[in-house]
Amino acid sequence: MKVIQTRKTHQTGTVVDLVDRGSNDDGGGRWETICVDHGTVCSHETRALAVRFAPSPLDWCEVCMDINEQVKESE
Ligand SMILES: [Zn+2]
C-alpha cells in the first residue's frame, strides 16, 4: 500500500489520502481515497476515479456529510 497523494480539500477542510493498494486488491478496487480526519475509506476501480473523488469527500465520507448537514442547519 502506497500513498500517492495527500491533500487538504477545499470542500471540507479535511485531509484526503489517495492510496494505491497494489497487489493487495481484495476485489473492492485497487485505488482508495481515505478521509484521514474521519478514517473513512472509499475504494475505486481506477486511479482516474480515485483522483476525481479525492477532492470531494462530501460524495463518499459519511462523517463529512453529517458535519456538512449540521453546518447547514445552524446557518
Ligand atoms: Zn470525512
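No experiment lies behind these values; they were computed from the predicted model shown.

Enquirer: Is there a simple way to think about the confidence of the model for the protein chain in this case?
Expert: Low pLDDT marks stretches whose predicted atomic positions should not be read closely. When pLDDT is averaged along the protein chain, the result is 92, and 95% of the positions lie at 70 or above. Summarising per-element confidence for the protein chain, the mean pLDDT is lowest in helix H2 (residues 62-74) (91) and highest in strand S2 (residues 15-20) (97).

Enquirer: Sorry if this is basic, but what is going on with the sheet that holds strand S3 (residues 31-35) here?
Expert: The pairing of strands in a sheet happens through backbone hydrogen bonds and is either parallel or antiparallel. The strand order across the open sheet built from four strands is S1-S2-S3-S4, with neighbouring strands paired in antiparallel fashion. Here the strands that pair on one side only, and so sit at the sheet edges, are strand S1 (2-8) and strand S4 (40-44). This sheet shows a mean twist of 20° between the axes of neighbouring strands, independent of strand direction. Here five bridges tie S3 to S4, and the two strands are oriented antiparallel to one another. Note on S4: the bridge partner recorded for Ile34 is Val41.

Each value, and the rule that gives it
Residues numbered from 1 in each chain as written. Predicted model: local features only at pLDDT ≥ 70, side-chain atom pairs only at ≥ 80, totals over all residues. pLDDT = per-residue confidence, 0-100. Helix = DSSP H or I, 4+ residues; strand = E, 2+ residues; numbered from the N terminus. Pairing = 2+ DSSP bridges. Axes fitted to C-alpha atoms, helices over the stretch in contact; angles between N-to-C directions.

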